[in-house]
Every structure is written in structure tokens, then in C-alpha cells.
Amino acid sequence: MTLVLSSPAKLNLFLAITGRRADGFHDLVSVAAPLEFGDTLTVELRPAGFSLECDDPALEIDGTNLVLRAAQAFAEAASWTGGAHFSLQKRIPMGAGLGGGSSNASTALLALNQLAGGVLTMEELGTVAATLGSDCPLFLQDGPVIMRGRGESLRVPPPQAIDRLRGRRVLVFKPAFGISTVWAYRQLAAGAPASYLPSVAAETQLMTWMDDATAPAEELLFNNMEVPAFTKHIALPVALECLREEFDLAPRMSGSGSACFAFLPENAPVAAITARIRELWGAEAFVTETRLA
Ligand SMILES: C[C@](O)(CO)[C@H](O)COP(=O)(O)OP(=O)(O)OC[C@H]1O[C@@H](n2ccc(N)nc2=O)[C@H](O)[C@@H]1O
Ligand SMILES: Nc1ncnc2c1ncn2[C@@H]1O[C@H](COP(=O)(O)OP(=O)(O)OP(=O)(O)O)[C@@H](O)[C@H]1O
């Protein structure tokens, strides 16, 4: 039996890091949305053992890969003795804040649970996902989610909020360099408390957008992880300012970066915007047009 699953990238449309916890992680309030764009994970049932191949030679395919770590965690949680071979077609750039590895892990969990006959509930899968990474649980949902805690505590937004997000056309673009999530969080900790948005302010900002059914998705956009990224990599704010001025876009960074995104009006000159990004960041910049799933 073989399953072919899409493993989507995500965007943090709203991301407020609110403070550092005793366990070293940070509390956050975020609205994240999966994209139609992503990797493809093919999973073949095997009698025993887990193996992985990937078309991107830059990615380690040993036991440190999140796909194999997810498989191991699933087998333990479900007491499942079966095996699987995974084939990963990688499109999501790494070190981007697009959650590629986390998505692969959760897609592997969903695939194995299906192959094993649905032995774990969605709640149990969520618990396993949270042990693999703070961003993993969000990829068990198939639409926009509100994240709290360190990212593992999820709620589905009300329908009038989802309606303003789902299907929105978006351009996602990333310079050749990536940003380490650990580095970004360390920078925030070093700039405490000014680097954090207090949780009351974050919740108020989110609720103000949520309660105003006339406020477009653009008015939700916020990310206080931009500060350390933009301070170190001046090419990021320079490009976003150009896109604001020249194309009237409202671009932001996703997660800990370095990928950025902008919602596109249906008549947007995508070829000209793409050309401008490549002029600013070089031909090796990653650019893709997609939609919020
Ligand atoms: C920036 C975001 O993408 C926003 O959605 C996520 O918070 C990142 O989550 P992630 O990549 O799944 O991160 P994890 O693999 O859980 O943790 C990697 C490291 O990032 C830091 N980390 C992560 C998540 C969090 N809420 N607080 C943190 O301080 C910790 O130093 C941790 O050791
Ligand atoms: N299947 C995988 N796909 C991508 N990266 C993986 C995978 N397994 C392990 N990793 C490791 O995780 C690191 C970060 O992965 P990824 O690109 O998903 O993070 P990111 O872009 O910073 O996203 P985010 O911080 O939003 O989770 C990679 O550099 C890689 O070493």
C-alpha cells in the first residue's frame, strides 16, 4: 500500500512572541496558515523498519531527519510494529520560517496513522507531534489556526476570520541565506523585555482584527521576530520597503525568517514583482506564487 501526501509550507500571518518561559521556550500568540505550496511525501508500507530517500542532497536522511524521528515516535506511541519507506520531494526552502521540516514530520505521522488503521486519535497525534517540534501540531490541521503556548496549543479561528484568509493569493520569496530559529529566539531573549509584545497587547491586537469582519487579511499581519532578522540582514527590510513603495504591497516576514510574503491582488504584476525581487536579492532568490489553503 502506498500513500502520496502533500506536506504544505506555512506562513505566520500574525506572530507575537510574548515572553520567555522557565523551560527555555518562548510563549507566543500566532495565526498560522498552511499553503497550497509544499513538499510531497510518498509512503510505502513495509513489514518492518523505516527508511527515507530525498531528492535534495542538502538534507540529511539519517535518524536526525524529522520524517524518521516522527516515524519512530509514532511506532512507540502506537506500539506499531510495521514499517515504511518514505520518499520526500523537497520544494520548501530550509531555514525559511516556512515550517518545512515540521510539516514533513506531521505528514509522516498522518500517513503512518492511516496505514496503521487509525490507531491514534487526532489528540494523541497532536501530543506526539508536540514532542517533535513546536510547529508540528499546526500541520495536523488543514486550515488556518491560532497558536498559543510554545505553539502546540491550537484553536480553529471563527468562520468569519477563516473566510478572510482561505484562498488568498500570496507571493512567497526568500533570499539565498536562511535564518536559524534558535539564533532568532536567542536574539529576542537578549533584547528582553523590549523585544517581546506583552500577551495582553498581543491578544487585544488579534481580537481587534478577528471581531471586525470588514478588516482584510492585510490588517492582521504582524511579526515581532522581524526585528532581529532585519537588524542583521538589511537586505530584508530594504526589499520589503521597495515592494511597498513600487507595487503597493504589504509584505511581511514569516516565522523566524528569512522567507517573506505578500498578499497579491488578482491583477498584480507578478512577473514584474518577481523580477524586482531577483534584482534586489540576486537570481538565486526563491520566489513562488501560491494561495492560503
Ligand atoms: C518561529 C516559529 O516558526 C513560529 O511558528 C516557531 O516558534 C518555531 O518552532 P520550531 O521550529 O518547531 O521550534 P522547535 O524545534 O520546537 O524549537 C527549536 C528552538 O527554538 C526555540 N523556541 C522554539 C519555539 C518556541 N515557542 N520558543 C522557543 O524558544 C528554542 O530555543 C528551541 O530549542
Ligand atoms: N524533513 C526535513 N525537512 C527540512 N529540514 C529538516 C528535516 N528534517 C530535519 N531538518 C532540519 O531542520 C532544520 C530546519 O528545518 P526547516 O527548514 O523546516 O526550519 P525553518 O525553515 O526554520 O522553519 P520553522 O522555524 O518555521 O519551523 C533544517 O536545517 C534541517 O537540518
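Since the structure is predicted, the reported quantities are computational estimates derived from the model, not experimental observations.

**Side note on the domain arrangement of the protein chain**
Step number 1: Considered domain by domain, the protein chain is made up of domain 1 (2-155) and domain 2 (166-291).
Step number 2: The C-alpha centroid of domain 2 is placed 23 Å from the C-alpha centroid of domain 1.
Step number 3: Domain 1 puts 30 residues into the contact, and the matching count from domain 2 is 38 residues.
Step number 4: Carbon and sulfur atoms supply 66% of the area buried between domain 1 and domain 2, which totals about 2,700 Å² over both sides.
Step number 5: Ranking the residues of domain 1 by area buried against domain 2 places Leu-13, Phe-14 and Ile-17 at the top, with a combined share of 22%.
Step number 6: In this assembly, domain 1 and domain 2 are joined by 18 residue pairs in polar contact (both at pLDDT 80 or more).
Step number 7: Taken together, the elements giving at least two residues each to the side of domain 1 that touches domain 2 come down to strand S1 (2-20), strand S2 (26-46) and strand S5 (145-148).
Step number 8: For the side of domain 1 that touches domain 2, the element with the highest residue contribution is S1, accounting for 11 residues.
Step number 9: Class assignment of the residues belonging to the side of domain 1 that touches domain 2 gives a composition of 17 nonpolar, 7 polar and 6 charged.

**Topic: the packing of aromatic side chains**
Step number 1: This structure, assessed with the given rule, holds 7 aromatic pairs.
Step number 2: Here Phe-173 and Trp-281 contribute two aromatic rings whose centre-to-centre distance is 5.8 Å and whose plane-to-plane angle is 40 degrees, an arrangement assigned as tilted. Taken as a pair, Phe-173 in strand S7 (residues 169-174) and Trp-281 in helix H9 (residues 270-281) lie far apart in primary sequence, 108 residues in all.
Step number 3: Residue Phe-173 is classed as buried on the basis of its relative accessible area, which comes to 0%.
Step number 4: Take Trp-281: its relative accessible area is 9%, and that puts it in the buried class.
Step number 5: Among the aromatic residues, ring-to-ring pairing joins Phe-50, Phe-74, Trp-80 and Phe-86 into one connected group.
Step number 6: The positively charged end of Arg-150 is found above the aromatic ring belonging to Phe-25, 4.9 Å away from the centroid.
Step number 7: Just above the ring of Phe-263 sits the side chain of Arg-168; from NZ or CZ to the centre is 4.6 Å.

What counts, and at which threshold
Residues numbered from 1 in each chain as written. Chains lettered and ligands numbered in written order. Predicted model: local features only at pLDDT ≥ 70, side-chain atom pairs only at ≥ 80, totals over all residues. Heavy atoms only, no water. Domains from an automatic or database assignment. Contact = heavy atoms within 4.5 Å. Buried area = accessible area lost by both parts, 1.4 Å probe. Polar contact = N/O pair within 3.5 Å; in protein donor to acceptor, adjacent residues only side chain to side chain. Helix = DSSP H or I, 4+ residues; strand = E, 2+ residues; numbered from the N terminus. Nonpolar A, V, L, I, M, F, W, Y, C, P; charged D, E, K, R; others polar. Phe/Tyr/Trp six-rings, centres within 6.5 Å; stacked < 30°, edge-to-face > 60°. Buried < 20%, exposed > 50% of the residue type's maximum accessible area, 1.4 Å probe, protein only. Lys NZ or Arg CZ within 6 Å of the ring centre and 35° of its normal.

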